[in-house]
Amino acid sequence: MRTAEPEYETCHIRVLLSKSPEMGEENAIILSNSVKEKLKSECERDELLNEILHLYEYVLVLDMSENRYYTIKSSYESNGECYLMDDKKLESFLTHYVHPEDRRAYRECFEDTVLRKHIQKPGDKIRIIFRKLDDDNKYRYHELVIYGYRDIYSDQLKCIMTICNVDDMKRAQQEQKKQTEQALQEAQKANQAKSHFLCNVSHDIRTPLNTIIGLTELSIEKFKDEDTVYVEQGLKKIQVASHHLLGLVNDILDMGKIENGNLDLIPREMSMVELMNNIDVIMTENARGKQIQYEHILGADEYLIWGDEMKLQQIIMNIVGNAVKYTQLEGKVTVKDSFIKTADSNKVWYILRCMDNGIGMTKEFVKHIFEPYERGEESTNHFVEGSGLGMAISKKLLDAMNGTIQIESELGEGTLVTIRIPFQVAEKKEQIPQKEHKDILLGKRVLLAEDNLLNMEIAIAFLKDLGAEVEVAVNGTDVIRKFQETELGYYHLIFMDIRMPEMDGIEATRKIRKMSRSDAKNIPIIAMTANVFAEEIEECKRAGMNGHICKPIDRKKLREITAMVMEKE
């Protein structure tokens, strides 16, 4: 049988001796008690003290009444010794270890008047951050703390002084402060730029609005006088001003989409020659109005390429449009473009150079021309219109296409803009004549959901031009009622406004798609909305719509989208 090992315990033994007065004998009383828990507590205390001391490079006790200090931990003096508080020692420490810029603050901590002023009771303390020279001869941030306490033996007020390395913490705080200040400066700069932008764009929006409103009023008066020539000219000018206003709004919306990361390219087979021909028509007319000579020199090679035609047009219109815009009367704008072959026969570089002898730009502004909401001082005069976002948008679009843009300009001398874009070559195909889509809704009954009377009038006129019979609904509830009350196949197409009272177009579409009647699942529904954000367009698709038309309605796009939807049915 195996017995357990004996356990030994540390005890504290006291022996008390006494002598009996009656018997004259000496007696001994032995008292014994375990000190296991006490020793454990003392060990834990020592471990804690060592851990605390490990955090500090320097720990001492200041006795202000005796003008002495006792070292507990020191790299410069013997531990456990008592020293007089000597000014020479303090100055020596300052000279050899403390950064010159921090010596005054460090010295003041040990002045008798300062100590007595700030350390008057237990818990009072003095704290400073200073830079101290370490063993590797580098200054690092340290924290000095002088902390008042009551000595339990003498009942006197004394101080414990500690020094510890806080370099990492201090530098992290400095970096965080720097980043915060930088973020604040950037936010202030952005707010100033946006305020400046809003001021500019407010002026630019009011300019075409003034044209539209003023010419409309004058045209009404001239119509009464049967001056049809003036009315016709006025309407053409209103049309130009309206398209300019729409361009301003589109620039603002495009910049918003780009900043939110909603930029998507939709490449398709296209011809740069056809694209540039369309741009030339517009730019030639704009240049003629300013008595500017506009010339387009086309390179010899031509390719069908895969590209996003709308965004390419936007880039080139911004660049060439700026050249015309910032060139004085009787100036000249020249555009040269060409393709350059690469080692890969399926890829080419498209290069466009736009030169003008206009007002030019300063070197400083050229550095910031691609920043959103930036606009040169030269562009704030009354003869220049635009949002100031065109170049920022163009740069983002070129980045998405892996293209580049370079600007060379001299103030008062003119500007040269060069863009380079890589393209995939498309196979050459026989050109199929485009359908005119006339009378695509001939004999078709259309339900138009629109709550705005003026918009309703315009949409009805456009749809009737396509041959449609049009019935109207003023909100989503009205759409549901009219669709339910008619026989199967009564309506051939629904144009659905999105923002309507009582029930919006999204909800109305969902309800139609959930109906049990057979034509509810298949009837084409096209959204008509002033909201062009990708989120709403995607929501229209999820609700079951077949197409999307943005307001203001473009008659050409209305025909194209309607034809596309009807051909699928």
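In case you missed it, the structure is sitting above this.
Throughout what follows, the structure given in this document is the object of discussion. Not measured: the values here are computed from a predicted model.

Strand order in the open sheet formed by six strands is β5-β4-β3-β8-β7-β6, with antiparallel pairing between adjacent strands. Strand pairing shows two members of the sheet lacking a second neighbour, β5 (82-84) and β6 (125-133), which therefore form its edges. Direction aside, neighbouring strands of the sheet carry axes that sit 25 degrees apart on average. Note: strand β4 (residues 68-73) against β5, three bridges, orientation antiparallel. Of the residues in β5, the one forming a bridge with Y69 is Y83. Each of β4, β5, β6 and β7 (139-150) touches helix α2 (residues 87-97); the most contacted strand, β6, lies at about 50 degrees to it.

This part is about the layout of surface pockets. Its boundaries defined by the atoms lining it, the second largest pocket holds a volume of some 580 Å³. In terms of lining, the second largest pocket is formed by 24 residues, of which the most central are Y69, D86, K89, L90 and F110. Within the residue set of the lining of the second largest pocket, elements represented by two or more residues are β3 (58-63), α2, α3 (103-108) and α4 (112-118). A per-element tally of the lining of the second largest pocket places α2 first, with seven residues. Residue composition of the lining of the second largest pocket, grouped by class: 14 nonpolar, two polar and eight charged.

Our next topic: the sheet that holds strand β16 (residues 445-449). Pairing is parallel in the open sheet, where five strands are placed in the order β17-β16-β18-β19-β20. Among the strands making up the open sheet, the edge pair consists of β17 (469-473) and β20 (547-550). Taken pair by pair, the neighbouring strands of this sheet meet at an average axis angle of 20 degrees, ignoring direction. As paired elements, strand β19 (residues 525-529) and β20 share four bridges and run parallel to each other. Within the sheet, the bridge partner assigned to A527 lies in β20 and is H548. Contacting β16, β17 and β18 (493-497), helix α12 (residues 476-485) runs over the sheet at an angle of about 130 degrees to β17. The strands that helix α15 (residues 555-568) touches are β18, β19 and β20; relative to β18, the one it contacts most, it runs at about 130 degrees.

Enumeration over the complete set of coordinates arrives at eight aromatic pairs. Seen in terms of ring centroids, Y69 and Y83 are 5.6 Å apart; in terms of plane orientation they differ by 25 degrees. Their pairing is stacked. Of this pair, Y69 sits in strand β4 while Y83 is found in strand β5, placing the two residues 14 residues apart along the sequence. Residue Y69 is classed as buried on the basis of its relative accessible area of 8%. According to the relative accessible area criterion, Y83 is buried, its value standing at 19%. With a centroid separation of 5.3 Å and an interplanar angle of 35 degrees, the aromatic rings of F93 and Y97 are classed as tilted. A residue pair is termed a helical-turn pair when its members lie 3 or 4 positions apart in one helix, as F93 and Y97 do in helix α2 at four residues. A relative accessible area of 12% places F93 in the buried class. Overall, the relative accessible area of 29% leaves Y97 in the partly exposed class. Taking the ring centre of Y490 as reference, the NZ or CZ of R445 above it sits at 3.9 Å. Above the face of the F483 ring, R517 is positioned so that its terminal group lies 4.4 Å from the ring centre.

Turning our attention to helix α11 (residues 453-465). In a regular helix each residue adds 1.5 Å, so 13 residues correspond to 18 Å; α11 covers 18 Å between its end C-alpha atoms and thus fits that length. Considered for burial, the residues of α11 that qualify are M456, A459, F462 and L463. For α11, the angular spread of the buried residues around the axis is 135 degrees, confining them to a single face. Of the residues in α11, the exposed ones pointing more than 90 degrees away from the buried face are L453, L454, E457 and K464. Where α11 is buried, its residues meet β16, β17, β18, β19 and α15.

On to the nonpolar core, then. Membership of the largest hydrophobic core comes to 41 residues, with the highest contact counts inside it found for M272, I316 and I419. Listed by contribution, the elements that provide at least two residues to this core are α7 (272-289), α8 (309-325), β12 (332-341), β13 (347-356), α9 (363-368), α10 (390-400), β14 (404-410) and β15 (414-425). Here the element with the most residues in this core is α8; it accounts for seven residues. Beyond its immediate sequence surroundings of up to four residues, I419 is in contact with I315, I316, I319, Y350, I351, L352, L398, T404 and I405.

Residues other than glycine predominantly adopt negative phi, and peptide bonds predominantly adopt the trans conformation. In the segment running from K551 into P552, the intervening peptide bond is cis, with an omega of 0 degrees. With respect to the secondary-structure elements, P552 resides in the loop between β20 and α15. Positive phi, normally seen in glycine, also occurs at N137, with a value near 65 degrees. Inspection of the secondary structure puts N137 in the loop between β6 and β7.

Rules and cut-offs
Residues numbered from 1 in each chain as written. Predicted model: local features only at pLDDT ≥ 70, side-chain atom pairs only at ≥ 80, totals over all residues. Heavy atoms only, no water. Pairing = 2+ DSSP bridges. Helix = DSSP H or I, 4+ residues; strand = E, 2+ residues; numbered from the N terminus. Axes fitted to C-alpha atoms, helices over the stretch in contact; angles between N-to-C directions. Contact = heavy atoms within 4.5 Å. 1 Å grid on protein atoms, 1.4 Å probe; cavity = no way out; pocket = protein on both sides within 12 Å on 5 of 7 lines; lining within 4 Å. Points joined across faces, edges and corners; volume = space filled by probe spheres on them. Nonpolar A, V, L, I, M, F, W, Y, C, P; charged D, E, K, R; others polar. Phe/Tyr/Trp six-rings, centres within 6.5 Å; stacked < 30°, edge-to-face > 60°. Buried < 20%, exposed > 50% of the residue type's maximum accessible area, 1.4 Å probe, protein only. Lys NZ or Arg CZ within 6 Å of the ring centre and 35° of its normal. Expected span 1.5 Å × (residues − 1). Arc of directions from axis to C-beta. Core = buried A, V, L, I, M, F, W, Y, C linked by side-chain atoms within 4.5 Å.

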